[in-house]
Amino acid sequence: MAIEIKVPEMGESVTEATISAWTKKEGDAVKVDEVLAILETDKVSLEIPAPTSGVLKSITKKVGDVVHVRDIIGAIEEGAVAAAPANSGTPTPKAETPVAQPNTGKVNEELPPAARKLIEENKLDVSKITGTGRNGQITKEDVILFMEKGGASSSKASSPSPEIPKAVVVSANSGPRETIVPMSKLRQTIANRLVQAQHTAAILTTFNEVDMSPIMELRNKYKDKFKETHGVGLGFMSLFTKAAVAALKAYPAINAEIRGTDIVYKNFYDIGVAVGGPKGLVVPIVRNADLLSFAGVEQEIARLAGKVKDGKVSLEDMEGGTFSISNGGVYGSMMSTPILNPPQSGILGMHNIVKRAVVVNDQIVIRPMMYLALSYDHRIVDGKEAVQFLVKIKEMVEDPTRLLFEV
């Protein structure tokens, strides 16, 4: 009995994906829940498990094909046993030897699209590339590394190089002058959403600076006890998250969104925290941040960041969100203008902490200072509200006890 392999539901607003890899080929034995294929959506990668045990009877969608929810991508013959390879006499163990690709410009269709395109365009010898992906599969990074090490194309390997006259100057860079890599679904979506945000919202940015001395002194005083008690490090993100929630309560338009001709004010505070991952920047959501303690916020951020780093962040982790925080300071950014994450109306940008000379009580002193930026949708947020929002965050960061008393 043939059991169909279908594309599962992939989450709210996600209807299509690209097949990035098959871990099995037709005729292979499979076990129930064994990973058969990997789909790449505009947000995350999804593994497709085998619905039953048997033999992979057919593959109807190849690597690189775009598929939609409930599409049939293959079938499993339930209960079947994979056929043994035909041979005569006593089988003799034989080491597998990589087979060089014919010099026709065609490459194994089961390779990831980005890797296959690089190999075809540069006419590389696949047999000389070491794969580090799942089951030894060649990834885009493997191809780029091979090229950076001076890997030769199959056409170059098969024909002798003509002698170069001594008068000819040869460039020290023996690699290709250009490397063309197709955009991933995630990068395409990021690009489209950033352009959409600038086309559909009236984005303005206001700036302020904050003296980080009080929060740094507080952190240094309690960080060891905090970690011992709660099992997580005490960073700046929990304080900025709680400060943002307090400011959003004071200026609710920044926690709202435009829906058609209506303004929808959110009475909950789901804060998106931008995290850099292997596939680009993603924004997992700290749900109900107003109900969490400082330790709860730090634990949730650590949990989500770990999932992003391991490539296990789910669609549910990133859906929704009423306001976002981006910390470009971890990469050394002094100042930037963050772009809104539609349909949100505000995003807070944190930046590098730099010791600077400032005037305090008519005295010039050295203090660790950070620039803050708030980008907002001017269609529903007035400039006065935006400035006051950022001032409130500044006040609470410079006097953290205000958060304790909610003033």
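The preceding data block contains the structure.
Now for a quick tour of the structure. Quick caveat, the model's predicted, so the values are computed rather than measured. Throughout this document, residue positions are counted from 1 along each chain, in the order its sequence is written. Whole-chain, interface and lining totals are the exception, using all residues; otherwise, since this is a predicted model, local features are given only for residues with pLDDT of at least 70 and side-chain atom pairs are given and counted only at 80 or more. With hydrogens and water set aside, each side-chain value is computed from the structure's full complement of heavy atoms.

1. Considerations on the sheet that holds strand β17 (residues 346-360)
Sheets are built from strands paired through backbone hydrogen bonds, the pairs being either parallel or antiparallel. Spatially, six strands are ordered β9-β18-β17-β16-β12-β15 in an open sheet, and the strand pairing comes out mixed. Whereas interior strands pair on both sides, the edge strands pair on one side only; in this sheet they are β9 (203-211) and β15 (285-286). A pair of strands is treated as paired once DSSP finds two or more bridges between them. Numbering of helices and strands runs from the N terminus; a helix is a DSSP stretch of H or I covering at least four residues, while a strand is a stretch of E covering at least two. Where β9 meets strand β18 (residues 363-377), nine bridges bridge the pair, whose relative direction is antiparallel. Bridge pairing links Val210 to Met370 in β18. Packed on one face of the sheet, helix α5 (residues 213-230) meets β9, β17 and β18 and runs near 100° to β18. Note on definitions: a residue-residue contact is assigned when non-hydrogen atoms from the two residues lie within 4.5 Å. Comment: axis = line fitted to C-alpha atoms, over the contacting stretch for helices; angle = value between 0 and 180 degrees taken between N-to-C directions.

2. Concerning unusual backbone geometry
That bond from Pro342 to Pro343 is cis: its omega, 5°, falls within 30 degrees of zero. In the Ramachandran plot, Asn288 falls in the positive-phi region, its phi being about 50° despite a non-glycine side chain. Residue placement: Asn288 occurs in the loop between β15 and α7 (294-309). By relative accessible area, Asn288 is classed as partly exposed at 35%. Phi is positive for Asn361, close to 55°, though the residue is something other than glycine. Checked against the element boundaries, Asn361 lands in the loop between β17 and β18. Residue burial is assigned from relative accessible area. The probe radius is 1.4 Å, only protein chains are included, and a residue is buried under 20% of its type maximum, exposed over 50%, and partly exposed in between.

3. Some thoughts on the nonpolar core
Residues belong to one nonpolar core when they are buried, are Ala, Val, Leu, Ile, Met, Phe, Trp, Tyr or Cys, and are joined through side-chain atoms within 4.5 Å. By size, the foremost hydrophobic cluster in this structure holds 40 residues, and its most contacted members are Phe240, Phe323, Phe389 and Ile393. Elements represented by at least two residues in this core include exactly α6 (237-250), β12 (271-273), α7, β16 (323-327), β17, β18 and α9 (383-398). Considering each element in turn, this core owes the most residues, eight residues, to α6. Listed in part, the 26 residues of the second largest apolar core include Ala37, Ile59, Val282 and Met318.

4. A few points about the pattern of salt bridges
Salt bridge criterion: a side-chain nitrogen from Lys or Arg within 4 Å of a carboxyl oxygen from Asp or Glu. Counted under the stated rule, the structure contains 15 salt bridges. As a salt-bridge pair, Lys6 and Glu4 come within 3.7 Å of each other at their nearest N and O atoms. Arg356 serves as the salt-bridge partner of Glu209, at 2.7 Å between the closest nitrogen and oxygen. A residue pair is termed long-range when its members are at least 10 positions apart, and Glu209 in strand β9 and Arg356 in strand β17 qualify at 147 residues. The structure contains a network of salt bridges with shared partners spanning Glu257, Arg259 and Lys266.

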